[in-house]
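# A structural walkthrough
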Amino acid sequence: MTVSDKVGQLFVIPVGRHSPNALRLPPDQRAGAVQLDSVAQTCELVDRYRVGGVCYFPGQAGGDDPATVAELTAAVQRATHSSGVPLLVATDQEGGTVARLRTPAFAVPGAMALAATGDPGAAREAARIIGAELRALGINQNYAPVADVNVNPANPVIGVRSFGSDPAQVAEYVTAQVQGMQDSGVAATVKHFPGHGDTATDSHLGLPVIEHDQQTWRKIDAPPFRAAIAAGVDAVMSAHLAMPALDPSGEPATMSEPILTGLLRTELGFDGVVVTDALDMAGARERHGAEEAAVRALLAGADQLLMPADVEAAIAAVVRAVDSGRVPMERLDQAVGRVLRLKRRLGLFDGLHLEVDNPSHPGGALALALAGITVLGSPLRPVTSGSVALVGCLATGADALAAALSAAGAQVIAVDTGSDPDQAAVVRAAEVAGAADRTVLVTRSAWRWPGQQALLDAVDTGFTAVAIREPYDAGLGAGDTWVLSYGDDALALEAVGQVLTGRSRAGGRLPVDVPGAVMTVRIGIQRLCSDPSLLDGPVGLLTNHTGVLADLRPSALAAVDAGVRLTALFGPEHGLTGTAQAGESEAADRDPVTGLPVFDTYKHKGAELDAMLMASRIKTLAVDLQDVGTRFYTYVWSMYDLMAAAARTGITLAVLDRPNPLGGLRAEGPIRQPGFSSFVGQGRDSDPAWAHVR
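Residues numbered from 1 in each chain as written. Predicted model: local features only at pLDDT ≥ 70, side-chain atom pairs only at ≥ 80, totals over all residues. Heavy atoms only, no water.

## Description of the nonpolar core
With 122 residues, the main nonpolar core has Phe11, Phe163, Val190, Phe193, Val233, Val318 and Val440 as its most contacted residues. Sort the elements by how many residues they give to this core and helix 11 (residues 311–323) lands first, with eight residues. One finds Met112, Val415, Val426 and Ala436 within the second-largest nonpolar core, a separate group that totals 31 residues. (Core = buried A, V, L, I, M, F, W, Y, C linked by side-chain atoms within 4.5 Å. Buried < 20%, exposed > 50% of the residue type's maximum accessible area, 1.4 Å probe, protein only. Helix = DSSP H or I, 4+ residues; strand = E, 2+ residues; numbered from the N terminus.)

The structure is reproduced here in structure tokens:
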């Protein structure tokens, strides 16, 4: 290969619609701020300069169909006929908000949504789906997963693209995605080294400076990259940011030899391909310009030079630097060798194999999305009827959310205020909300936009807030209940619609710290009411006057209303209503509120209790007593006797735990073991009765 051929192999050029300048605008104003590199233009550059890679962007605003993508990748590969070296065809398919393949068949949740599931296996499965579909369409490298630890809630560029704020958690999920992606035959590329998680500047628009010292970098930023390298990741993408503690010169990491060679190569031991982030970003070119940025990145240790602002000028600059000796031939050969080695590992020299009709993942991606939807604050009341004001930053989500609410039986009045509404828009939305039976207020990165914050303050009626991007909106202090989707893509919005209307249950938990968010521990009866399938029916319920929800509804009535297959009630000492005198029990055979039969358990033990359970014909006995948290002595032993009887009769016993009293009710009496905040767990290791408890 000539010097020019070798240099060409280092460059990755775009095809399709793209522009970093669009990020200077609010999300609802970005559609027109793009440039288009046609397939013909890209093929001409590939042929003329023996370019080694292409980065795919969709040619249509709404995304390309699979057949179009396959035709494009085949066309650019054919353009390599003069060099005989196949292309690395890459894209950014992180899932969620960053996805170049946008049709429903390709949708999977993004990183933070996957982390909210609490299951690294979900991340691996999402990456496997992504990898299989990319490979089927001729895309063999993915600029994912994101390995940045998002410790700064004000981070404008990473946010929900990160797996969270805990380095160990991020490392675990990054490892899972690297494995899932590469098992599907696509090169994974972790980004953005040395770590973009603690910045308040978007490197598309400027050069961020991160003030982490070396100890903090090794503790916070490095672990996910270290884990990815241990998992055999094919490539690492550099970041356009300065970290003075790692390189006092202030050079962007992309152009820093101490960072790319000293830390990534030597300290972390990475010998795969280093690809720069896009060199047309402001963080890369404002300090040195397009041509010099490419040369300096190569000298620092990068192997692939991604999307310089002027491709032809950058290629010429690198050729001159090699010819002059500024870039040693050894450095050029080292970079080219890594690129060619990756192409061989991926089997690219064996020919292009496309499977446009590759089967999708029906239902699987939606299940992953639902598992990550997170509810904070008061328990979510499903929207099933009445007038509903759907207000806020609706953007592309307006139709999807309105359709879901309407299908559930609500009369929807939608008001899209945009990203940063003025005072008049805020007042109008608040008036619509005040006139409706229920309000669903949608935010999108409200922490960044004063207008959205004003809207949250103005809608002073009780409302459900939906954060369709970063979860940090939940820390703004408004809203009875927050529903977090971690994304505003079609899949995330579909999952939100199902949760809002009660069709599906939210399964997620916060994967990041959200300052100011209202964190509510859901007591057992709330969990059961939100998902009646948790217990096998028919179900019996041992409860009394302390078994209530926050609105003081009796737990038995709440369970019936929620669809739990409740067929019998059991009363402890003082009966269901708590009005019987000490040592007595209520004589009522049927509950006047629910109409269910009542079984009196007080003073019954052994065979009598066994016979009572058998007569009730239940499969599961649930216990909802306030003293499960505060331990009335008698109630605890009533529960214990029932536990033993359930074990003897083969009935499952489910303890619906209550960490503390609700509704101002006070529990008094002797406490069995003050060191325990809950009865659950006592005796578990030594008593066989616990073996039958869920």
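## What to know about the packing of aromatic side chains
For the structure on display, the rule yields four aromatic pairs. A ring pair is formed by phenylalanine 570 and phenylalanine 599, whose centres lie 5.2 Å apart and whose planes are at 20°; its orientation type is stacked. Of this pair, phenylalanine 570 sits in strand 19 (residues 566–571) while phenylalanine 599 sits in strand 20 (residues 598–600), placing them 29 residues apart in sequence. What makes phenylalanine 570 buried here is its relative accessible area of 0%. Aromatic ring contacts, followed pair by pair, group Phe193, Trp217 and Phe225 into a single cluster. (Phe/Tyr/Trp six-rings, centres within 6.5 Å; stacked < 30°, edge-to-face > 60°.)

## What about the environment of valine 327?
Counting through the fold element by element, valine 327 comes out in the loop between helix 11 and helix 12 (329–345). In this structure, the C-alpha to C-alpha distance between valine 327 and valine 295, residues 32 residues apart in sequence, is 7.8 Å. The contact partners of valine 327, leaving out residues within four places of it in the chain, are Val295, Leu298, Leu299, Ala321 and Val322. (Contact = heavy atoms within 4.5 Å.)

## What about the sheet that holds strand 20?
Strands sit in the order 20-19-18-21-22 across an open sheet of five strands; the sheet is parallel. In this open sheet, the two edge strands, each paired with only one partner strand, are strand 20 and strand 22 (652–655). Taken pair by pair, the neighbouring strands of this sheet meet at an average axis angle of 25°, ignoring direction. Sheet analysis places strand 21 (residues 620–624) next to strand 22, joined by four bridges and oriented parallel. The residue bridging leucine 621 from the neighbouring strand is leucine 653, located in strand 22. Packing of helix 20 (residues 606–616) onto the sheet brings it into contact with strand 19, strand 20 and strand 21, and relative to strand 19 it is tilted by some 155°. (Pairing = 2+ DSSP bridges. Axes fitted to C-alpha atoms, helices over the stretch in contact; angles between N-to-C directions.)

## Describing the pattern of salt bridges
Inspection of the entire model under this criterion finds 24 salt bridges. Between glutamate 44 and arginine 48 there is a salt bridge, and its shortest N-O distance comes to 2.6 Å. Here the residue glutamate 44 and the residue arginine 48 both occupy positions in helix 2 (residues 39–49), the gap between them amounting to four residues, near one helical turn. According to the relative accessible area criterion, glutamate 44 is partly exposed, its value standing at 37%. The shortest N-O distance in the salt bridge between glutamate 312 and arginine 48 comes to 2.4 Å. With glutamate 312 in helix 11 and arginine 48 in helix 2, this residue pair connects regions lying 264 residues apart in the sequence. A network of salt bridges, in which partner residues are shared, links Arg265, Asp271, Asp303, Arg331, Arg338 and Arg341. (Salt bridge = Lys/Arg side-chain N within 4 Å of Asp/Glu carboxyl O.)

## As for helix 13 (residues 364–372)
Looking only at helix 13, the buried set comprises Ala365, Leu366, Leu368, Ala369, Leu370 and Gly372. Residues of helix 13 that are buried in the fold lie against helix 4 (111–116), helix 5 (120–136), strand 12 (374–377), strand 17 (481–484) and helix 17 (490–500).

## Considering helix 5
Note on helix geometry: an α-helix contains 3.6 residues per turn, so any two residues three or four positions apart are oriented the same way. Relative to the 24 Å expected for 17 residues at 1.5 Å per residue, helix 5 spans 24 Å between its end C-alpha atoms, a close match to the ideal helical length. By the burial criterion, the buried members of helix 5 are Ala122, Ala123, Ala126, Ala127, Ile129, Ile130, Gly131, Glu133, Leu134 and Ala136. Where the residues of helix 5 are buried, they touch strand 4 (88–91), strand 5 (93–95), helix 4, strand 7 (141–142), helix 6 (167–183) and helix 13. Between the side-chain oxygen of the N-cap and the backbone nitrogen of glycine 121 there are 2.9 Å, and the N-cap of helix 5 in question is aspartate 119. At the exit of helix 5 stands glycine 138, carrying a positive phi of roughly 95°. (Expected span 1.5 Å × (residues − 1). Polar contact = N/O pair within 3.5 Å; in protein donor to acceptor, adjacent residues only side chain to side chain.)

## Some points on the pairing of strand 19
Counting buried positions along strand 19 gives five out of six residues, so the element sits mostly inside the fold. When strand 19 meets strand 20, the two strands line up parallel, connected through three bridges. Residue phenylalanine 570 lies in a different strand from strand 20, and its bridge partner there is phenylalanine 599.

## Description of the packing of helix 6 against helix 7 (residues 214–230)
Across the interface, helix 6 lies against helix 7 with an axial gap of 8 Å and an inter-helix angle of 20°. Judged by the angle between their axes, helix 6 and helix 7 are roughly parallel. The chirality of how helix 6 crosses helix 7 is right-handed. Residue-level inspection shows Pro167, Val170, Ala171, Val174, Thr175 and Val178 of helix 6 in contact with helix 7, the latter providing Lys219, Ile220, Pro223, Pro224, Ala227 and Ala228. Of the residues belonging to the contact of helix 6 with helix 7, the class tally is 10 nonpolar, one polar and one charged. (Parallel < 35°, antiparallel > 145°, perpendicular 65-115°, else oblique. Left-handed = near helix turned anticlockwise from the far one by under 90°. Nonpolar A, V, L, I, M, F, W, Y, C, P; charged D, E, K, R; others polar.)

## Observations regarding the pairing of strand 21
For a regular strand, the rule is simple: side chains alternate between the two faces of the sheet. Within strand 21, five of the five residues are buried, which leaves the element mostly enclosed by the surrounding structure. Here strand 21 shows no split at all, with Thr620, Ala622 and Asp624 on one side and Leu621 and Val623 on the other all buried. The sheet contact formed by strand 18 (residues 539–543) and strand 21 spans five bridges and is parallel. Looking at the pairing, valine 539 lines up with threonine 620 of strand 21.

## Details of the sheet that holds strand 12
Taking strand neighbours across the sheet as the criterion, the six strands line up as 12-17-16-15-13-14 in an open arrangement whose pairing is mixed. The open sheet terminates on both sides in strands that have one partner only, identified here as strand 12 and strand 14 (411–416). With strand direction ignored, the average angle separating the axes of adjacent strands in the sheet is 20°. Alignment of strand 13 (residues 387–392) against strand 15 (residues 438–443), held across five bridges, turns out to be parallel. In the strand pairing of strand 15, glycine 392 is matched with valine 442.

## Some remarks on unusual backbone geometry
Following lysine 191, the chain continues into histidine 192 via a peptide bond in cis, with omega recorded as 5°. Assignment of secondary structure puts histidine 192 in strand 8 (residues 187–193). Following glycine 537, the chain continues to proline 538 via a peptide bond in cis, the omega torsion being 0°. Within the secondary structure, proline 538 sits in the loop between helix 18 (524–530) and strand 18. In this structure, arginine 50 is a non-glycine residue whose phi angle is positive, near 55°.

## Here we look at the packing of helix 7 against helix 8 (residues 257–267)
Contact pair helix 7 / helix 8: the axes reach a minimum separation of 11 Å and the direction vectors enclose 55°. As the angle between them shows, helix 7 and helix 8 are arranged oblique. Along this stretch, helix 7 crosses helix 8, giving a crossing that reads as right-handed. Together, Trp217, Arg218, Arg226 and Ile229 of helix 7 and Leu263, Leu264 and Glu267 of helix 8 make up the contact between the two elements. Class assignment of the residues belonging to the contact of helix 7 with helix 8 gives a composition of four nonpolar, no polar and three charged.

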